[in-house]
Amino acid sequence: MTDQRDPEPAAIGPLDGADAPGAPGEGAEPGEPAVRGPFEVRGGPSRQPGPSPSAVAVSSVASATDVATHAVAETGPTAGTGSVDPEEHGAVRDSFAELAAIAAASDRAGGDPVGTDLAGSGLTGSGPAGADLTGADLGGADRGGTGPGFGLARQGDHALDVGDAAEPTLAPLLLHSLSDLREIWVPLIEASGARSVAEIGSESGVTTSLLVDLLRRGGGGRLVVVDPNPGVAPAAGGGLDVQVIRGYSPQALDDHAPTDAYLIDGDHNYATVRGELTAIADAVARFSRSYFPLVVLHDVGWPAGRRDQYYNPDRVPADARQPHSWDVGVEIDDPGVVRGGFRGMGAFAWALTEGGPGNGVRTAIEDFVAEHADLRFFTVAPIFGLGVIVDRRAPWARQIADLLTPWVSNRLLSRMERNRVDLYLHVLRLQDAAAAVARARQREWARLDDERSRLAAVELEHLHRIGQLEHELAELRRREAEDAERAVHGHRAAADADEPKLMQVARIAGSALRSRLSPTGQERLARVQTRIADTGTGRTALPALRRRPSASPRGGPNDPDGPPRG
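The structure reproduced in this document is the subject of the present report. (Residues numbered from 1 in each chain as written. Predicted model: local features only at pLDDT ≥ 70, side-chain atom pairs only at ≥ 80, totals over all residues. Heavy atoms only, no water.)

Let's talk about the packing of aromatic side chains
And step 1. Counted by the stated rule, this structure contains seven aromatic pairs.
And step 2. Here Tyr291 and Trp396 contribute two aromatic rings whose centre-to-centre distance is 5.9 Å and whose plane-to-plane angle is 80°, an arrangement assigned as edge-to-face. Residue Tyr291 is located in the loop between helix H5 (270–286) and strand E7 (294–298), and its partner Trp396 is located in the loop between strand E12 (386–391) and helix H7 (397–404); the two are separated by 105 residues in the primary sequence.
And step 3. What makes Trp396 buried here is its relative accessible area of 4%.
And step 4. Between the aromatic rings of Tyr311 and Phe348, the centroid separation amounts to 5.8 Å while the plane-to-plane angle is 80°, which identifies the pairing as edge-to-face. Taken together, the residues Tyr311 in the loop between strand E8 (309–310) and strand E9 (324–325) and Phe348 in the loop between E9 and strand E10 (349–351) connect sequence positions 37 residues apart.
And step 5. Since its relative accessible area comes to 2%, Tyr311 is described here as buried.
And step 6. A connected cluster of aromatic rings, assembled from ring pairs, spans Tyr311, Phe342, Phe348, Trp350 and Tyr424.
And step 7. Stacked on the ring of Tyr248, the Lys or Arg Arg315 has its end atom at 3.6 Å from the ring centre.
And step 8. The lysine or arginine in question, Arg420, covers the ring of Phe384, its NZ or CZ lying 4.8 Å from the ring centre. (Phe/Tyr/Trp six-rings, centres within 6.5 Å; stacked < 30°, edge-to-face > 60°. Helix = DSSP H or I, 4+ residues; strand = E, 2+ residues; numbered from the N terminus. Buried < 20%, exposed > 50% of the residue type's maximum accessible area, 1.4 Å probe, protein only. Lys NZ or Arg CZ within 6 Å of the ring centre and 35° of its normal.)

Encoded structure:
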C-alpha cells in the first residue's frame with residue numbers, strides 16, 4: 001500500500017481542475033514486430049504494441065457524492081453555482097455542482113432537459129483513478145443504460161451479453177484498454193441516443209465488438225472503424241452498416257460524414273488528437289450539424305496526457321514533434337525521462353519532457369475545447385483516464401451529466417488509481433531488478449563456464465605434457481638398453497679381435513715356459529694342457545698354479561729342477 005497525499009488540482013484557466021489520469025492506447029502501425037506489451041503477464045498472451053500504462057497524477061477534488069448532495073439539497077430555483085463555495089471546493093467542483101444541480105432541478109420541475117440552459121456552467125471534470133466496479137449500478141433500467149454487470153464475449157463479428165463472470169480476458173498485468181472502461185462510456189453512448197458511432201483505434205477489437213452489440217441492440221445503425229489494421233472487421237447486416245477505414249487518423253477522417261458519437265483511442269500525441277478533433281469539427285460544420293457529437297477519449301492523463309507518445313514519429317510533422325527517444329522510460333513524478341520506468345521496449349517512443357505547449361493528449365483536448373465556447377470537457381480517472389467532450393447545446397447533455405456524477409471528481413477513485421499505477425511501476429522495478437539479477441547470474445555462469453573451460457584446457461595441456469614426458473622417458477630407457485647391449489656386444493667383439501694375439505702370446509709364453517722347465521716339468525705342463533683340451537672349454541681359465549715358496553731356494557726339496565735327493 002502507498003500512503004500518498006492526493007495532488008492539488010492545477011489551475012488551468014477555463015478548464016481549471018481538469019487533470020485526470022490517462023495513458024497511451026491502441027494504434028501500433030501495421031508491419032511493426034509483435035512485441036510483448038509492457039503490461040502483459042510474463043508468459044501470457046500478448047497484445048499488439050499499444051496502450052501505455054502508467055501512474056496517474058490525478059487532481060484531487062471533492063467527491064462527486066458530495067457534489068450531488070450539495071446540489072440536491074438546494075430546493076429553490078436558484079440552485080447552481082452558488083450552492084458550492086468556490087474558495088472551499090475549487091472551480092472544478094463548482095462547475096460540476098452546477099451541472100448536477102441543474103439536472104436535479106430539472107427533475108424536480110419535470111422540465112425538459114433540452115430546454116435547460118447549460119451556458120456558462122464551465123463544465124470541466126477531473127477524474128480520479130480506475131476501479132473495478134462490477135456490481136455497481138451505472139445505468140439502470142430508467143436510463144436504458146448498461147450496468148457494470150454487463151459482460152460481453154465475442155461471437156462471430158459481434159458481442160453477446162453473457163455476464164462478467166464468463167467474460168474472457170487477456171490476463172493483463174495492468175488494465176489499460178478502453179474496453180475496460182465500458183461501464184462508463186457504454187451508458188453515455190446509449191444515453192446520447194447515438195445511432196452512428198466512429199471508433200478511432202480498434203486495438204484488439206474488443207471495443208469494436210462492444211459497439212456492434214450496442215448498435216444492434218438498439219435496432220441497428222452505422223459503425224465506422226478507423227485503424228490501419230483493425231482487430232475486428234465486423235460484417236454488416238441485421239440493420240448494421242459497417243465502414244472500415246484502413247488508415248491513420250487524422251488523415252483517414254478527411255471528408256468523412258460525421259457520426260453521433262466518437263471513441264478516440266489512437267496514437268497518443270498532441271498533433272494526432274488535435275487533428276482528429278479538428279477533422280470532427282470540420283465534418284460537423286460541413287454537414288451543418290447543430291451541436292458537436294459526443295466524444296469519448298482514452299488516455300487523457302499520465303503519462304500521455306501531458307507527454308507525447310509516438311508509435312511512428314515520422315507521421316507527425318517535424319514542427320509538431322517533440323524531442324523523443326525509444327530507449328527511455330517515464331516515472332509518474334518525474335517530468336524528465338529515466339532508465340527503466342514505464343517504457344515501450346521498442347513499441348513506442350516518449351517525448352523527453354512532460355508538459356509545455358503542444359505536448360500530450362490532454363493538452364490537445366484542452367486547447368481545442370478552449371476554442372469552442374459551447375464545449376465542456378470532463379475527465380474520469382479509472383484506467384489511465386477517460387475524457388468526455390460534451391456540447392452544452394446537445395439534447396442529451398443532462399443525461400450525460402447524470403451518468404458522470406458518480407465518476408467525476410471522485411477522490412476515492414483518485415487514490416485507487418494512483419495506488420494501482422504506483423504498484424504497477426513498483427512491479428516494473430521488481431521485474432527490472434529480477435532481470436538485472438538474472439543477467440548478473442548469466443554473466444557469472446558465463447564467467448564460470450569460461451574459467452572451467454580454461455582449467456579444462458590447462459588440464460589437457462598438462463596431460464599432453466605428461467604424455468610427452470612419459471614418451472621421452474621410455475625413449476631414453478630404450479636408448480640406454482640399446483647402448484648397454486651395444487656395449488656388451490662391443491666387449492665381446494673386442495675380445496674376439498684380441499684372441500689371436502692372446503693365443504700368440506700364450507704360445508710364446510708356453511714356449512718360454514717349456515724352455516725353462518725340466519723334462520718332468522714339461523710333462524706335467526703337457527698333462528695340464530691335455531686336460532684342458534678334453535674339457536672342451538678352450539676358453540676356460542687355466543687353473544691357478546701353485547706358487548713356489550719365495551723363500552725356498554732353487555734346488556730345494558720342492559724344486560723339480562733341483563738335484564734329486566740322495
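What to know about the packing of H5 against helix H6 (residues 361–370)
And step 1. Contact pair H5 / H6: the axes reach a minimum separation of 7 Å and the direction vectors enclose 35°. Between H5 and H6 lies a crossing of right-handed hand. Taking contact as the criterion, the partners of Tyr270, Val273, Arg274, Leu277, Thr278 and Ala281 in H5 are, on H6, Val361, Thr363, Ala364, Ile365, Asp367 and Phe368.
And step 2. For the contact of H5 with H6, the residue count by class is eight nonpolar, two polar and two charged. (Axes fitted to C-alpha atoms, helices over the stretch in contact; angles between N-to-C directions. Left-handed = near helix turned anticlockwise from the far one by under 90°. Contact = heavy atoms within 4.5 Å. Nonpolar A, V, L, I, M, F, W, Y, C, P; charged D, E, K, R; others polar.)

So, a nonpolar patch on the surface
And step 1. On the surface, a nonpolar cluster with roughly 300 Å² of combined accessible area is contributed by Leu460, Leu463 and Ile466.
And step 2. Relative to the assigned elements, Leu463 resides in helix H8 (residues 411–516). (Patch = residues over 30% accessible without salt bridge, like charges linked within 9 Å, V, L, I, M, F, W, Y side chains within 5 Å. Areas by Shrake-Rupley, 256 points an atom, 1.4 Å probe, with all protein chains shown as cover. Salt bridge = Lys/Arg side-chain N within 4 Å of Asp/Glu carboxyl O.)

Overview of unusual backbone geometry
And step 1. Following Ser249, the chain continues into Pro250 via a peptide bond in cis, with omega recorded as 5°.
And step 2. Residue position: Pro250 is located in the loop between strand E5 (240–245) and strand E6 (261–264).
And step 3. Positive phi, close to 55°, is recorded for Ile383, a residue that is not glycine.
And step 4. Inspection of the secondary structure assignment puts Ile383 in the loop between strand E11 (375–380) and E12.
And step 5. Here the phi dihedral of Ser409 falls at roughly 55°; this positive angle occurs in a residue that is not glycine.

Description of the pairing of E11
And step 1. Across the six residues that make up E11, a large majority, six, are buried.
And step 2. Both faces of E11 are covered, namely the face carrying Leu375, Phe377 and Thr379 and the face carrying Arg376, Phe378 and Val380.
And step 3. With six bridges connecting them, E11 and E12 associate as antiparallel partners. Bridging across to E12, Arg376 finds its partner in Val390.
And step 4. Adjacent in sequence and paired antiparallel, E11 and E12 are bridged by five residues, among which Ile383 carries a positive phi angle near 55°. (Pairing = 2+ DSSP bridges.)

Considerations on the sheet that holds E8
And step 1. Overall, antiparallel pairing links the three strands, which are arranged E8-E10-E9 in an open sheet. The two strands at the open ends of the sheet, each matched to only one other strand, are E8 and E9.
And step 2. Here two bridges tie E9 to E10, and the two strands are oriented antiparallel to one another. Within E10, the position partnered with His324 by the bridge is Ala351.

So, to be careful, I would describe these as geometric facts and stop short of saying anything about function.
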